[in-house]
Amino acid sequence: MNSSLSIFRKVAVAEGISYLLLLFVAMPLKYFANMPLYVKYTGWAHGLLFVLYAATLVLAWQEQKWKFGKALLIFVASLLPFAPFIVDRKLKDERPENASGIQ
């Protein structure tokens, strides 16, 4: 079974990718090529992934027993391009506190 941290990391990467697609692909297509439909669908996907990011962050926060400041910083990272990838890298080595030494 996957830990909340593992699930959160996967969602964070997906959310980060969707944010970059929205900013650097869909928005330019909308304003420079008059193709607003890409923003509609990419924005919808990004919105869903953002909500999943927040929900899985809460679950990981509870499971990992992080301090409020750490959870807040991780949430703010979702608002900045490229930051979810930095969060993923930082959390890569974290293990759930209740995990056994057996993998």
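Small disclaimer: the values here were computed from a predicted structure and weren't measured.

J.: Can you lay out helix α3 (residues 68-77) for me, pointing to particular residues and giving the numbers?
T.: Listing the buried residues of α3 in full gives Ala71, Ile74 and Ala77. The buried residues of α3 occupy one face: seen down the axis, they fall within an arc of 115°. The exposed residues of α3 that point more than 90 degrees off its buried face are Phe68 and Leu73. Residues of α3 that are buried make contact with α1 (4-32), α2 (37-64) and α4 (83-91).

J.: Lay out a nonpolar patch on the surface in plain terms, naming residues and giving numbers.
T.: On the surface, a cluster of nonpolar side chains totalling about 550 Å² of accessible area is made up of Ile17, Leu21, Leu23, Phe24, Val25 and Phe82. Looking at where Ile17 falls in the secondary structure, it is placed in helix α1. We classify Ile17 as partly exposed; its relative accessible area is 43%.

J.: Could you give an account of α1, with specific residues and numbers?
T.: Three or four residues apart is the spacing at which side chains of an α-helix point the same way, because the helix has 3.6 residues per turn. Between its first and last C-alpha atoms α1 spans 40 Å; for 29 residues at 1.5 Å apiece the expected length is 42 Å, and the two agree. Along α1, the sharpest kink reaches roughly 35°, centred on Leu22. Taken together, the buried positions of α1 are occupied by Ser4, Leu5, Phe8, Val11, Ala12, Glu15, Gly16, Ser18, Tyr19, Leu20, Leu22 and Ala26. Just downstream of α1, Asn34 is the residue with a positive phi angle, here 55°.

Reading the values: the criteria
- Residues numbered from 1 in each chain as written.
- Predicted model: local features only at pLDDT ≥ 70, side-chain atom pairs only at ≥ 80, totals over all residues.
- Heavy atoms only, no water.
- Buried < 20%, exposed > 50% of the residue type's maximum accessible area, 1.4 Å probe, protein only.
- Helix = DSSP H or I, 4+ residues; strand = E, 2+ residues; numbered from the N terminus.
- Arc of directions from axis to C-beta.
- Contact = heavy atoms within 4.5 Å.
- Patch = residues over 30% accessible without salt bridge, like charges linked within 9 Å, V, L, I, M, F, W, Y side chains within 5 Å.
- Areas by Shrake-Rupley, 256 points an atom, 1.4 Å probe, with all protein chains shown as cover.
- Salt bridge = Lys/Arg side-chain N within 4 Å of Asp/Glu carboxyl O.
- Expected span 1.5 Å × (residues − 1).
- Bend = angle between axes of the 7 residues up to and from the residue.

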